[in-house]
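One letter stands for each residue in the lines below.
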Amino acid sequence: MIGTSSARSSVPRLLLVACCGLLACARQVPASAPPEPTGSPQATTARKESFPELVDAIFDAAFAFAPSNGTAYGLHAYDARLEDLSRPRIEARIRELETLLARLRAVDRASLSFDEAVDAEALEHQLLSDHHELSVTRSWEKNPMLYAGLPGGAVDGLMKRDFAPKAERLRSVIARLKAVPAVFAAGKANVQEPPREFTDLALRMSKGSVGFFEGSVAQWAKDAAGGDAALLAEFAQANAQAVAAVKDFTRWLEQDLLPRSTGRYALGEERFLTKLRYEEMIDLPLPELLARGEANLEKDYQEFVATAKRINPRLTPAQVMASLEEDHPTAEGLIPSVRRSVEDVRRFLVEKDLVTIPSEVRPRVEETPPYARSGSFASMDTPGPYETKATEAFYYVTPVEPKWDAKHKEEHLRLYNKPVVEVINIHEVWPGHYFQFLYAPRFPTKVRKLVSVGSNAEGWAHYTEQMMLDQGYGNGDPKLRLAQLSEALLRDCRYVTGIKLHTAGWTVEDGARLFRERCFQQPSTAYEEARRGAYNPTYLYYTFGKLEVQRLARDYTAKGASLKQFHDAFVAQGSLPLPLVRRLLLR
């Protein structure tokens, strides 16, 4: 969904999943769809509602269930509320989704305009995906990370963007802090037998959250109170309760849940393909889907080997990649080094006239917040499409953890070698995620502002990596091309690993081996990448999306348009499922 995206990882989002699937006939019930609610669809409303009214109702219900997402999108009526993740509320949401689906299916699609029909299809898949997540996948019963990361993100979203006076935002922070114990209580009640991989990461996130609330939040609140002793005292009490709840949840994770974390993460073929169909509108048989990923992995692998030989024919490809990684920053110099490198990419974009940049605002390069360090290396956090005042966008880079041993710290820092950082900058900022998100306030409809899928957002960002080098960025430097191919191989291995983890009985260790042997990743990085596939099953959307964007670019420019015209047209549509974007661009 718009608001948070990442090059190497993403914190799982339980709520308002950006979703879609394949609907050949919009009013037929797809396989594995939720049952129709009792009663006729017409009986759900007193009168025939208009499509815009229904759109408003669907998103109002979504933000009522996920108010911190409302804040992230720039809708500040939700700032003082926090998610209720109790079982009764989630079960009520499942029933609500079924009712909303019935109302949407009651709409006469023939009466809609072309654009409304596209939006209706996107919305139907949004609802189908949300329902499938809550009622079938049921991550809320299996993944403690969902609870560990929510409070920190919800509070941080109020602190870091200056959309209202600090004292006003502090009052909203206090309101959310008061609701934090209930989030963790729901997690303890709901999560029973998760996979160990999930609990390990939740523990890391929860431990980081303790310091975040005790340090960053308390320090910000002292400044925000502005001498109002009563307000600061109210905060101190609420924050103390939140910290106590975080510590209690951390103890529960470590002492209670971890020993019984023996659950399975694999979805199985049917659930995996249904999830992919609803969320991404990818509707391929599993053998064809896997074959496409394996073929692209082999192609990129062979190109990587050939490029490595150009750099140094006396070394193996792994040794050549290792030699590039030797040029990396220190732990202290990591964030400053990334800050220095971002502007070069933007300058090239302007000189080559590859896109129309709609804003002069730059993102801020900062450390990834502790509550969000679920195996991520770099990510982009941008203002929501309805944010009218706060323009702060954050390019997060994950630092080394103080408790890591020297070997782990070194392997982590080697990722941030100069050529790879340049490619990550392309993906995350120019003209990847940040550039696409700059267009968000201009997206033509409410649906396109609020629905986003991975194969579009991540597919676009991954597409830009190769496109930029193909257009001359780096002046043909083989080291930069090797870095680009390294990132492509990383996404190819995600593609194959996600499928194998969830449909073929692979373990995380099996996936890590693929990342080491075919993607030339450091051991610790390889394990983090493979483990991500356990909780982010469909992270094949990077490579799949890139291939589809490339195909769309060829078809669009074949009609006489320039590459810049394609880029501007593509990002102007929002992050809808790619089949819908294709329909819009080639209408």
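Residues numbered from 1 in each chain as written. Predicted model: local features only at pLDDT ≥ 70, side-chain atom pairs only at ≥ 80, totals over all residues. Heavy atoms only, no water.

S.K.: Would you explain the overall build of the protein chain in this entry?
M.R.: Each helix and strand counted, the protein chain has 23 helices and four strands in total. In terms of overall dimensions, the protein chain is globule-like: its C-alpha atoms have a radius of gyration of 23 Å, near the 25 Å expected for 587 residues. Projected onto its principal axes, the C-alpha coordinates of the protein chain cover approximately 70 × 60 × 50 Å. Residues counted as buried form 61% of the 587 residues belonging to the protein chain. Partitioning the contacts of the protein chain with sequence separation of at least 6, the portion at a separation of at least 24 is 81%. Only carbon and sulfur atoms are counted for the fraction: they give 51% of the accessible area of the protein chain, which is about 21,600 Å². With 75 positive and 77 negative side-chain charges, the protein chain shows a spacing of 0 Å between the two charge centroids. (Helix = DSSP H or I, 4+ residues; strand = E, 2+ residues; numbered from the N terminus. Rg over C-alpha atoms; globule rule 2.2 N^0.38 Å. Buried < 20%, exposed > 50% of the residue type's maximum accessible area, 1.4 Å probe, protein only. Contact = heavy atoms within 4.5 Å. Areas by Shrake-Rupley, 256 points an atom, 1.4 Å probe, with all protein chains shown as cover. Lys, Arg positive; Asp, Glu negative; His and termini not counted. Charge placed at Lys NZ, Arg CZ, Asp CG, Glu CD.)

S.K.: Can you walk me through unusual backbone geometry in this structure?
M.R.: Excluding glycine, most residues fall at negative phi; most peptide bonds, likewise, are trans. Here the amide bond leading from W430 into P431 is cis, since omega sits at 0°, within 30 degrees of zero. With respect to the element layout, P431 can be found in the loop between α14 (418–428) and α15 (433–438). With a phi close to 55°, R138 is a non-glycine residue in the positive phi region. Within the secondary structure, R138 is located in the loop between α4 (114–137) and α5 (145–159). A relative accessible area of 21% means that R138 is categorised as partly exposed. Phi angles above zero are rare outside glycine, and D353 is one such case at about 55°. Following the sequence through the fold, D353 ends up in the loop between α12 (334–352) and β2 (364–367). Given a relative accessible area of 41%, D353 falls into the partly exposed group.

S.K.: Even after reading the chapter, I still don't get the nonpolar core, so can you show me in this structure?
M.R.: Generally speaking, nonpolar side chains in soluble globular proteins are found buried as a group. Residues L170, L289, Y395, W430 and F570 are the most contacted members of the largest nonpolar core, which totals 177 residues. When residues in this core are grouped by element, the largest group, 13 residues, is from helix α7 (residues 196–225). Apart from residues no more than four positions distant in its own chain, F570 is found in contact with Q436, N456, W460, V549, L552, L578, V581 and L585. (Core = buried A, V, L, I, M, F, W, Y, C linked by side-chain atoms within 4.5 Å.)

S.K.: What am I meant to see in the packing of α5 against helix α6 (residues 166–190) here?
M.R.: Two quantities define a packed helix pair, namely the angle between the helix axes and the distance between the axes. Two elements in contact, α5 and α6, have axes whose closest approach is 9 Å; the angle formed by their N-to-C orientations is 175°. One element, α5, and the other, α6, form an angle in the roughly antiparallel class. Every residue of α6 that contacts α5 at Y147, A148, L150, P151, A154, V155, L158 and M159 is listed here: R169, S172, V173, R176, L177, V180, V183, F184, A186, G187 and N190. Grouping the amino acids of the contact of α5 with α6 by side-chain chemistry returns 14 nonpolar, three polar and two charged. (Axes fitted to C-alpha atoms, helices over the stretch in contact; angles between N-to-C directions. Parallel < 35°, antiparallel > 145°, perpendicular 65-115°, else oblique. Nonpolar A, V, L, I, M, F, W, Y, C, P; charged D, E, K, R; others polar.)

S.K.: Hey, could you run me through the packing of α5 against α7 in this one?
M.R.: One way to put it is that α5 packs onto α7 with a least axis distance of 8 Å and a crossing angle of 25°. The angle between the axes of α5 and α7 places the two elements in the roughly parallel class. In terms of crossing hand, the pair formed by α5 and α7 is left-handed. For the pair α5 and α7, the contacting residues are M145, A148, G149, P151, G152, V155, D156, L158 and M159 in the first and F198, L201, A202, M205, S206, S209, F212, F213, S216, V217 and W220 in the second. Residues belonging to the contact of α5 with α7 are distributed by class as follows: 14 nonpolar, five polar and one charged. (Left-handed = near helix turned anticlockwise from the far one by under 90°.)

S.K.: What is the right way to read the environment of S139 from this model?
M.R.: You can see S139 is positioned in the loop between α4 and α5. Residue S139 is classed as buried on the basis of its relative accessible area, which comes to 16%. Not counting the four nearest positions on each side in its chain, S139 is found in contact with E133 and L146. Among the polar contacts made by the side chain of S139, one reaches the side chain of E133 at a distance of 2.8 Å. (Polar contact = N/O pair within 3.5 Å; in protein donor to acceptor, adjacent residues only side chain to side chain.)

S.K.: Can you help me understand the pattern of salt bridges in this one?
M.R.: Summed over the entire model, instances satisfying the criterion amount to 51 salt bridges. We note a salt bridge from D115 to R587, for which the minimum N-O separation is 3.4 Å. With D115 in helix α4 and R587 in the segment after α23 (578–585), this residue pair connects regions lying 472 residues apart in the sequence. The class for D115 is partly exposed, based on a relative accessible area of 26%. Residue class for R587 comes out exposed when judged on its relative accessible area of 60%. R414 is paired through a salt bridge with E410; the nearest N and O atoms lie 3.7 Å apart. Taken as a pair, R414 and E410 lie in helix α13 (residues 406–414) at a separation of four residues, close to a single helical turn. Owing to a relative accessible area of 13%, R414 belongs among the buried residues under this scheme. (Salt bridge = Lys/Arg side-chain N within 4 Å of Asp/Glu carboxyl O.)

S.K.: Sorry, what's going on with helix α1 (residues 51–65) here?
M.R.: Between its terminal C-alpha atoms α1 stretches 21 Å, which fits the 21 Å expected from 15 residues at 1.5 Å a residue. Regarding α1, the residues found buried are F51, L54, V55, I58, F59, A61, A62, F63 and F65. (Expected span 1.5 Å × (residues − 1).)

S.K.: Teacher, can you tell me more about the packing of aromatic side chains here?
M.R.: Given two aromatic rings, one states the distance between the centres and the angle between the planes to describe the pair. Taken as a whole, this structure holds 18 aromatic pairs when the rule is applied. Ring centres of F63 and Y78 lie 5.7 Å apart, and the angle between their planes is 50°; on these two criteria the pair is classed as tilted. With F63 in helix α1 and Y78 in the loop between α2 (67–72) and α3 (87–105), this residue pair connects regions lying 15 residues apart in the sequence. For the pair shown, F63 and Y78 are each scored as buried. Note on F304 and F520: the rings are 4.4 Å apart at their centroids and 10° apart in plane angle, and the pair reads as stacked. (Phe/Tyr/Trp six-rings, centres within 6.5 Å; stacked < 30°, edge-to-face > 60°.)

S.K.: Can you walk me through the state of the cysteines in this structure?
M.R.: Linking two cysteines covalently via their sulfur atoms produces the bond known as a disulfide. Counted by the stated rule, this structure contains one disulfide. In this model C493 forms its disulfide with C519; the gap between the sulfur atoms is 1.8 Å. Residues C493 and C519 share a disulfide whose torsion about the S-S bond is about 100°; that sign makes it right-handed. Linking C493 in helix α18 (residues 478–503) with C519 in helix α19 (residues 508–519), this pair joins segments that are 26 residues apart in sequence. Overall, C519 belongs to the buried group, its relative accessible area being 0%. (Disulfide = S-S within 2.5 Å.)

S.K.: Explanation requested: the side chain of N417 in the structure shown.
M.R.: Along the chain, N417 falls in the loop between α13 and α14. The exposure class of N417 is buried, given its relative accessible area of 0%. Among the polar contacts made by the side chain of N417, one reaches the main-chain carbonyl oxygen of R414 at a distance of 2.9 Å. A distance of 3.1 Å separates the side chain of N417 from the backbone nitrogen of V420, its partner in a polar contact. Ignoring any residue separated from it by four or fewer positions in sequence, one finds N417 in contact with L324, E325, D327 and H328.

S.K.: For this particular structure, what's the right way to read the confidence of the model for the protein chain?
M.R.: Low pLDDT marks stretches whose predicted atomic positions should not be read closely. Residues at a pLDDT of 70 or more form 91% of the protein chain, whose mean pLDDT is 91. Predicted confidence for residues 1–32 stays below pLDDT 50, and this span has 150 contacts to residues more than four positions away or in other chains. (pLDDT = per-residue confidence, 0-100.)

S.K.: What's the story with α13 in this structure? I'm lost.
M.R.: Since there are 3.6 residues in each turn of an α-helix, residues three or four apart along the chain are aligned in direction. Considered for burial, the residues of α13 that qualify are H408, E411, H412, L413 and R414. Contact partners of the buried residues in α13: α11 (317–325), α12 and α20 (523–535). Sitting at the amino-terminal end of α13 is D405, which places a side-chain oxygen 3.2 Å from the backbone nitrogen of K407.

S.K.: I'm lost on the side chain of E401 in this one. Help?
M.R.: In this fold, E401 is placed in the loop between β4 (394–397) and α13. Filtering out sequence-adjacent residues up to four positions away, E401 remains in contact with R373 and K409.

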